[in-house]
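For reference, the chains in residue letters:
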Amino acid sequence: MYQAQTRGVRVTAAPRFMEAESSHAQGRYFWAYSIEIENLSQQTVQLMTRHWIITDGRGEVHEVRGQGVVGKQPVLRPGESFSYTSGCPLTTPDGSMQGFYAMQDESGAVFDVEVPLFPLDSPYVKKVLH
């Protein structure tokens, strides 16, 4: 698991390669990732938008922006958490994801919460030892 914390909001990411959804012969690779967002602060916050930075095995960067996550803009009171699972397809057997959630606090101020960098590795990645 991979974690980051910003202004009392902790994000934990856990990726897993989905062999059944992937085809090495066709150059199609798919990962599921589970995210938990925990509000450890003393303020109620709401997730407004997401910004993903996805880098494939060739170093090509793809950015995804949108409202909320999985169709929701959860409100988290102090001590509450929200979890969801989503997916990421790539045309390379490895890559990485990272990003930000724009959160709004009780005063209306918007701030970015870091989503930690996490690897997307499949069994088809050629490991090189030096």
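Refer to the preceding data block for the structure.
Every value quoted in this text rests on a predicted model; they were computed, and no experiment measured them.

S.K.: Run through the overall build of the chain, naming residues and quoting values.
M.R.: For the chain, the count of helices and strands is zero helices and nine strands. Going residue by residue from the N terminus, the α and β elements of the chain occur as β-β-β-β-β-β-β-β-β. The C-alpha extent of the chain, read off along each of the three principal axes, is 50 × 35 × 25 Å. Buried residues in the chain amount to 39% of all 130 residues. Pairs at least 24 residues apart make up 64% of the contacts formed inside the chain by residues separated by at least 6 positions. Looking at the chain as shown, the accessible area adds up to about 7,200 Å², and 50% of this sits on carbon and sulfur atoms.

S.K.: Which residues make up the sheet that holds strand β2 (residues 9-17), and what values do they have?
M.R.: Taken in spatial order, the four strands of this open sheet run β1-β2-β3-β7, and their pairing is antiparallel. At either end of the open sheet lies a strand with only one pairing partner, and these are β1 (2-6) and β7 (81-90). Here the average twist between neighbouring strands, direction ignored, is 20 degrees. Across nine bridges, the pairing between β2 and strand β3 (residues 29-39) is antiparallel. Paired with valine 9 across the two strands is asparagine 39, which belongs to β3.

S.K.: If you had to explain the pattern of salt bridges to someone new, which residues and values would you point to?
M.R.: Proximity of charged atoms lets side chains of opposite charge pair with each other. Counted under the stated rule, the structure contains six salt bridges. We note a salt bridge from arginine 10 to glutamate 38, for which the minimum N-O separation is 2.9 Å. With a gap of 28 residues between them, arginine 10 in strand β2 and glutamate 38 in strand β3 connect regions that are remote in the sequence. The exposure class assigned to arginine 10 is partly exposed, which follows from its relative accessible area of 23%. Among the residues examined, glutamate 38 registers a relative accessible area of 17% and is labelled buried. As a salt-bridge pair, glutamate 80 and arginine 77 come within 3.9 Å of each other at their nearest N and O atoms. For glutamate 80, a relative accessible area of 32% corresponds to the partly exposed category. Shared partners join several salt bridges into a network, and the residues in it are Asp56, Arg58 and Glu60.

S.K.: Just give me the short version of the packing of aromatic side chains, but keep the residues and values in it.
M.R.: Within the structure shown, the criterion is met by eight aromatic pairs. Judged by centre distance (6.0 Å) and plane angle (55 degrees), the rings of tyrosine 29 and tyrosine 124 are tilted. In this pair, tyrosine 29 is assigned in strand β3 and tyrosine 124 in the segment after β9 (110-121), connecting sequence segments 95 residues apart. Of the residues examined, tyrosine 124 reaches a relative accessible area of 26% and is grouped as partly exposed. With centroids separated by 6.1 Å and ring planes inclined at 85 degrees, the aromatic side chains of tryptophan 52 and phenylalanine 118 adopt a geometry described as edge-to-face. Here phenylalanine 118 lies in strand β9 and tryptophan 52 lies in strand β4 (residues 45-56), a separation of 66 residues in the sequence. What makes tryptophan 52 buried here is its relative accessible area of 4%. The exposure class assigned to phenylalanine 118 is buried, which follows from its relative accessible area of 0%. Put simply, the rings of Phe17, Tyr29, Trp31 and Tyr124 pair up and form one aromatic cluster. Lying over the aromatic face of phenylalanine 111, arginine 7 brings its terminal NZ or CZ to 3.9 Å of the ring centre.

Here is what the cut-offs are and how they apply
- Residues numbered from 1 in each chain as written.
- Predicted model: local features only at pLDDT ≥ 70, side-chain atom pairs only at ≥ 80, totals over all residues.
- Heavy atoms only, no water.
- Helix = DSSP H or I, 4+ residues; strand = E, 2+ residues; numbered from the N terminus.
- Buried < 20%, exposed > 50% of the residue type's maximum accessible area, 1.4 Å probe, protein only.
- Contact = heavy atoms within 4.5 Å.
- Areas by Shrake-Rupley, 256 points an atom, 1.4 Å probe, with all protein chains shown as cover.
- Pairing = 2+ DSSP bridges.
- Axes fitted to C-alpha atoms, helices over the stretch in contact; angles between N-to-C directions.
- Salt bridge = Lys/Arg side-chain N within 4 Å of Asp/Glu carboxyl O.
- Phe/Tyr/Trp six-rings, centres within 6.5 Å; stacked < 30°, edge-to-face > 60°.
- Lys NZ or Arg CZ within 6 Å of the ring centre and 35° of its normal.

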